[in-house]
Amino acid sequence: MLELENGFYLYVNYDTINGVKYQTIRTLFEVSNGKVIVSSCDIFDDETDNTILSQHPSSIDISHYTEQDLIRELETFNTSYSVTRNSINDTIDSVKKEFIKLNLNCGIIYKGIYRPLLNENIAKHSDDLINEFPKQDAYADLPIMDRQEYSNRLNQLELLLDDLFDVFNVVAPYKKNLSCFGNKIRNIIILACTEIDSMMKGILEKSKVKPQFKFYTTNDYIKLNVPLQLNEYTLSLSRFEELGDFKPFFKWNSNNPTGSLSWYLDYNNVKHDRESNFSKANLTNAIDSIMALAALMVSQFGYRNELWHEKVGKIIKIKTEPQWNIRELYIPRREGEEFTPVDYPF
């Protein structure tokens, strides 16, 4: 007999070519106490400007089903709940099939941690997944839960960019000038890194993670690297592409959580002893600090929203971002329900 835990699943067809699994999503469904409810993410809520989960009005009792019984049943559902595949010419019995269990239930999100939202664009083309990873151009973001906090964070990022461009009016933004240092540049570094401290502390506090010692430090912040995938972000300044790409968290590791972030180490040094470390208050560290703040914001809120585009989207370009396994995506809420933030299991 078929045994499936409660939760949400994708029913997919797949083929493996040269060790790579190409998967086509057929159906999203929920298992609840021995019953299957076929679901869909193709309804758009104009009021909240976001996708919501719809579910078929009838359920399937699978208490005496085999896996093949359920597959045949799922194949009979109409196309508003099951994806039609014109590109699949094989009969259903000749195609490889599997169920993929998603990590979270519908409407459940982690506090202060970004994941793309499962949506119909992820499932509208054949070969939607490659080794369980959807295409990034199909990602959709959650609605902003706390617009006031997000606006405040964006405003601070805007102010820092304004200060940086003021410096560029005096010191030309050429690579050979990135070692230039000074008091205004020092202030940019301190403000950007103070904001980063505040954000990282806030994310940990939301999930009730206490500091190892009296205050939060990079020994605590490093716990965010995996859930936020900060080392996967690459950014650039759109108007100054000649400065190159910036990956502020690329080398961050738990063996040396402060020293592996050179810009953060220099921030601490120049904050506590300016005279001995004044040369570290340079443009390289200022830009890295601002880019680190931008990456942290995106890893918490996403960037596919009107506020980001309105305020900084034309200035900062997100060139690479994490690729998320389909199991990790957030599932839309049901109509009439709200998203429920939960602690991340650090």
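Calculation criteria
- Residues numbered from 1 in each chain as written.
- Predicted model: local features only at pLDDT ≥ 70, side-chain atom pairs only at ≥ 80, totals over all residues.
- Heavy atoms only, no water.
- Helix = DSSP H or I, 4+ residues; strand = E, 2+ residues; numbered from the N terminus.
- Expected span 1.5 Å × (residues − 1).
- Buried < 20%, exposed > 50% of the residue type's maximum accessible area, 1.4 Å probe, protein only.
- Contact = heavy atoms within 4.5 Å.
- Polar contact = N/O pair within 3.5 Å; in protein donor to acceptor, adjacent residues only side chain to side chain.
- Phe/Tyr/Trp six-rings, centres within 6.5 Å; stacked < 30°, edge-to-face > 60°.
- Lys NZ or Arg CZ within 6 Å of the ring centre and 35° of its normal.
- Pairing = 2+ DSSP bridges.
- Salt bridge = Lys/Arg side-chain N within 4 Å of Asp/Glu carboxyl O.
- Core = buried A, V, L, I, M, F, W, Y, C linked by side-chain atoms within 4.5 Å.
- Axes fitted to C-alpha atoms, helices over the stretch in contact; angles between N-to-C directions.
- Parallel < 35°, antiparallel > 145°, perpendicular 65-115°, else oblique.
- Left-handed = near helix turned anticlockwise from the far one by under 90°.
- Nonpolar A, V, L, I, M, F, W, Y, C, P; charged D, E, K, R; others polar.

A. Just helix H2 (residues 147-168), in detail. Relative to the 32 Å expected for 22 residues at 1.5 Å per residue, H2 spans 31 Å between its end C-alpha atoms, a close match to the ideal helical length. Listed in full, the buried residues belonging to H2 are Glu149, Tyr150, Ser151, Arg153, Leu154, Leu157, Leu160, Leu161, Leu164, Phe165, Val167 and Phe168. For H2, the elements touching its buried residues are helix H3 (183-206), strand E10 (234-237), helix H8 (283-301), helix H9 (306-311) and strand E11 (316-320). Two or three places before Gln148, at the start of H2, stands the capping residue Asp146, its side-chain oxygen 3.2 Å from that residue's backbone nitrogen.

B. Focus on the packing of aromatic side chains. Evaluated as defined, the whole model comprises 15 aromatic pairs. Centre to centre, the rings of Phe181 and Phe278 are 5.4 Å apart; their planes meet at 65°, and the pair counts as edge-to-face. Within this pair, whereas Phe181 is found in the loop between H2 and H3, its partner Phe278 is found in the loop between helix H7 (274-277) and H8, the two being separated by 97 residues in sequence. The exposure class assigned to Phe278 is partly exposed, which follows from its relative accessible area of 22%. Connected via pairs of aromatic rings, a cluster forms that spans Phe249, Trp252, Trp263, Tyr264 and Tyr267. Sitting above the plane of the Tyr14 ring, Lys21 keeps its charged end 4.5 Å from the centroid. Sitting over the ring of Tyr9, Lys101 keeps its end group 5.9 Å from the ring centre.

C. Representation of the pairing of E10 in the model. In E10, alternate side chains face the same way, and those of Thr234 and Ser236 on one face and Leu235 and Leu237 on the other are all buried. Pairing of E10 with E11 involves four bridges; the strand directions are antiparallel. What sits directly across from Ser236, in E11, is Lys317.

D. View of the pattern of salt bridges. This structure, assessed with the given rule, holds 22 salt bridges. Where Glu98 meets Lys21, a salt bridge forms, and the shortest distance between an N and an O atom there is 3.4 Å. With Glu98 in strand E6 (residues 96-101) and Lys21 in strand E2 (residues 20-32), this pair connects stretches of sequence that are 77 residues apart. Judged by its relative accessible area of 22%, Lys21 is partly exposed. The closest approach of N and O atoms between Glu75 and Arg26, which form a salt bridge, is 2.7 Å.

E. Here's a closer look at the nonpolar core. Counting 72 residues, the largest nonpolar core has Leu157, Leu237, Trp308 and Ile316 as the members making the most contacts within it. If you list the elements that add at least two residues to this core, you get strand E7 (108-110), H2, H3, E10, helix H6 (262-272), H8, H9 and E11. With residues near it in sequence (within four places) discarded, Trp308 still touches Tyr150, Leu154, Leu157, Ala294, Val298, Tyr303, Gly313, Ile316 and Ile318. Counting residues in hydrophobic clusters, the runner-up holds 21 residues, among them Ile25, Tyr114, Leu118 and Tyr139.

F. Region of interest: the packing of H6 against H8. Between H6 and H8, the shortest axis-to-axis distance is 9 Å and the interhelical angle comes to 115°. Taken together, the axes of H6 and H8 lie roughly perpendicular to each other. The interaxial crossing formed by H6 with H8 has left-handed handedness. Contact residues: Ser262, Trp263 and Asp266 in H6; Asn285, Asp288, Ser289 and Ala292 in H8. In the contact of H6 with H8, the residues fall into two nonpolar, three polar and two charged.

Such coordinate-based values are descriptive only and should not be taken to indicate function.
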